[in-house]
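Survey of secondary and tertiary structure
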Amino acid sequence: MLDYSNSEIVLETRDLTKHYGGVHALEGANFKIHKGEHVAIMGDNGAGKSTFVRQITAVEQRTRGDIILNGEPTHFDGPIKAREAGIETVFQNLALADDLDVPSNLFLGREKVKFKLGPFSILDNKAMREATMAGLVKTGVKIPNILNSIQNMSGGQRQCVAIARTAAFHSKLTIMDEPTAALGVQETAQVENIIRTLKEQDEPLILISHNMRQVFDLMDRIVVFRRGRICANLRVDETDPQDVVAYITGAKTGAEFPEAQ
Amino acid sequence: MSKSSHGIGGLTFDDKKKARAPEWNVFFALVLIVAIFEGLGAILMGQSLLFDTADRFDSIFNEARLKIIILQVSIIGIIALGATQVIILGGIDLSPGSIVGATAMIAMSFAQVAEINGMANPKLMFAGVSDLPVIVPIFIGILCGVVAGAINGALIAYTKIPPFIATLGMMVFARGVAKWWSKGQPISFPTDSYAALGKGMTPVFIFIALAILFHLILKYTVYGKHTYAIGSNEQASRMSGIKVERHKVLVYTIAGVLAALAAIVLSSKNLTAQAGMGIMYELDAIAMTVIGGVSLAGGRGSILGTVLGALIFGVIISGFTFLRLDAYYQEMVKGVIIVGAVVLDQYRQKRNAARM
């Protein structure tokens, strides 16, 4: 396993905190991800994983703390800004329009245009098709014809289209929220292969997953959330599933995170 | 899960795997309906519906009937172009018929002549407002459509009330405006230039021009792409950064403008405007749209489909007249066809869902 601690930091959070009224959903999260590194976020339901991701992707506004992307502190006022800055998210409920073809889905909301005319700007379909092809080659997804609407595609192919978005846009950081939760065995393998491809291309990735095997197979590091705090930061080659479960359930707490219960 | 054998890596983009355009189905339906009427015509009347059997013209077609078929659907067809966009967006618009009534009254009152054969125009709405250039009533008419459509869109986008309710309100309201404008009196005697807008086959040319324009807009612009996207998955569109609310206002406004254009053409063709104009037009327009393969669930359909749907509509009306059947049957059959088209659409969707 490679050591990434010396390579460039892509994203860092300092004291990232989110309170919903009196509920402290996320408390003082200090997190780093380096270029090319694949980090898993694990934890029980309600442990703060999704809250953490929602702050990074600016779906919600944080209560306190800093988010630093490529060395620059960021203040995105919405998920679109975060995406424009290079943080791509593959949502659990696939954010795809079923009746549209693959290029339209990839470029949904940020279509390439040939001629600017406000809402009536002329689409550059050729450029979008070519970029789609390139994105799919990058992920290694095979789709019979990208110009068919995606409603007839399998769950795995659709998930791959969603992931191919990130590859097509040269994102700086990809976040996947349980990308295989709803998929069958073969389709899960497909998605995992894409994750491996992203790894080979040095693309950093944050993966939220409950699947221990997947995490140990694919990831470099595991960050465990418990009761709104980061309670463990473990390198995959220095830990084992029992250990991780102990942290998730609270049977064990990390010495380097003394504030964790 | 599909029984796909798609491996990882390697890419094939097979043009043979391209699905057949659904417009073909509508086209086949049109051909089938024409064939049915031709068959019935041959048996019952000893005549052909569309083809020239009496050798009256130089062409093989019965041009007079073809012209009538197209002419009688072209004005409602203009409304159907708007209905198509609204339904693809995942909405519904019940107000165009009433917008036609209100716009026809208001536009016509700015298109009147002062004198008819040396006598003062007895129907003149505003003293002194007469013989204006044709651009004035056109502009005012379009403005009516913009206002009505924008109100529809804003209500739906920002108060989140169902489109059915918002446009039902506009349907009743605009009809009220049409009656209030001249206290129920018809408004007549337009200028020659205004009357030219609906003369002869002009409505057909206007319909075709607008159909081509919106076909191109839906197919090749960001506006079109977003209309399909929102109708297909509104939540995903919002997450992808499409300004859904603003887009809805725009689509309903365009539908309002198309209703207003239909009103201008219709009042010009009739040389008069009455408060009752356009009643039930919205339902005929929706019917053309649905017959043309536009899914009421949103996200699917095309202008080309709607134009074919309008032609099916026209052939049926003409065919019934041709077979000398009562108009009552026409309406009954229209009703059956609308429901049949929606049932077919539901079936198609279920089949698609089952395949996944």
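How each quantity is defined
- Residues numbered from 1 in each chain as written.
- Chains lettered and ligands numbered in written order.
- Predicted model: local features only at pLDDT ≥ 70, side-chain atom pairs only at ≥ 80, totals over all residues.
- Helix = DSSP H or I, 4+ residues; strand = E, 2+ residues; numbered from the N terminus.
- Rg over C-alpha atoms; globule rule 2.2 N^0.38 Å.
- Buried ≥ 20, exposed ≤ 12 C-beta atoms within 10 Å, placed from the backbone.
- Contact = placed C-beta atoms within 7 Å.
- Pairing = 2+ DSSP bridges.
- Axes fitted to C-alpha atoms, helices over the stretch in contact; angles between N-to-C directions.
- Core = buried A, V, L, I, M, F, W, Y, C linked by C-beta atoms within 7 Å.
- pLDDT = per-residue confidence, 0-100.
- Parallel < 35°, antiparallel > 145°, perpendicular 65-115°, else oblique.

**A word on the overall build of chain A**
Secondary structure assignment for chain A yields eight helices and 12 strands. Its C-alpha radius of gyration of 19 Å places chain A within 12% of the 18 Å reference for a compact globule of 261 residues. Each of the 261 residues in chain A was classed as buried or not, and the buried ones make up 47%. Counting only contacts in chain A whose residues sit at least 6 apart along the sequence, the fraction spanning at least 24 positions is 68%.

**Considerations on the sheet that holds strand 1 (residues 9–20) of chain A**
Residues and elements named next belong to chain A. If you walk across this open sheet you meet the four strands as 2-1-4-5, and the pairing is antiparallel. In the strand order of this sheet, the two ends are held by strand 2 (23–34) and strand 5 (72–73), each with one partner. Direction of pairing for strand 1 relative to strand 4 (residues 64–69): antiparallel, over a ladder of five bridges. Residue pairing in the sheet places Thr 17 in a bridge with Arg 64 of strand 4. Contacts from helix 1 (residues 49–56) reach strand 1, strand 2 and strand 4 within the one sheet, and its direction differs from that of strand 2 by about 65°.

**What about the nonpolar core?**
One finds Val 224 of chain A together with Ile 78, Ile 79, Met 105, Leu 258, Ala 262 and Ala 263 of chain B to be the most contacted residues of the largest nonpolar core, which totals 161 residues. Per element, the largest residue contribution to this core is 16 residues, and it comes from helix 10 (residues 244–270) of chain B. Among all residues touching Ile 79 of chain B, those that are not within four sequence positions of it are Pro 96, Leu 258, Ala 259, Ala 262, Tyr 281, Glu 282 and Ala 285 of chain B.

**Let's talk about the confidence of the model for chain A**
Scored by pLDDT, chain A comes out at a mean of 85, with 93% of its residues at no less than 70. Across chain A, the element-wise mean pLDDT spans from 76 in helix 5 (residues 155–168) of chain A up to 94 in strand 3 (residues 38–43) of chain A.

**Notes on the confidence of the model for chain B**
The share of residues in chain B with pLDDT of 70 or more is 91%, and the mean pLDDT across the chain is 88. ipTM for the predicted complex: 0.78, alongside a pTM of 0.84.

**Side note on the packing of helix 1 (residues 23–45) of chain B against helix 12 (residues 303–322) of chain B**
Residue and element names in this part refer to chain B. Packing of helix 1 against helix 12 brings their axes to within 9 Å, and their N-to-C directions diverge by 10°. Taken together, helix 1 and helix 12 sit at an angle that is classed as roughly parallel. Each of Glu 23, Val 26, Phe 27, Ala 29, Leu 30, Ile 33, Val 34, Phe 37 and Gly 41 in helix 1 lies in contact with helix 12, whose residues at this interface are Leu 304, Gly 305, Leu 308, Gly 309, Leu 311, Ile 312, Val 315, Ile 316, Gly 319 and Phe 322.

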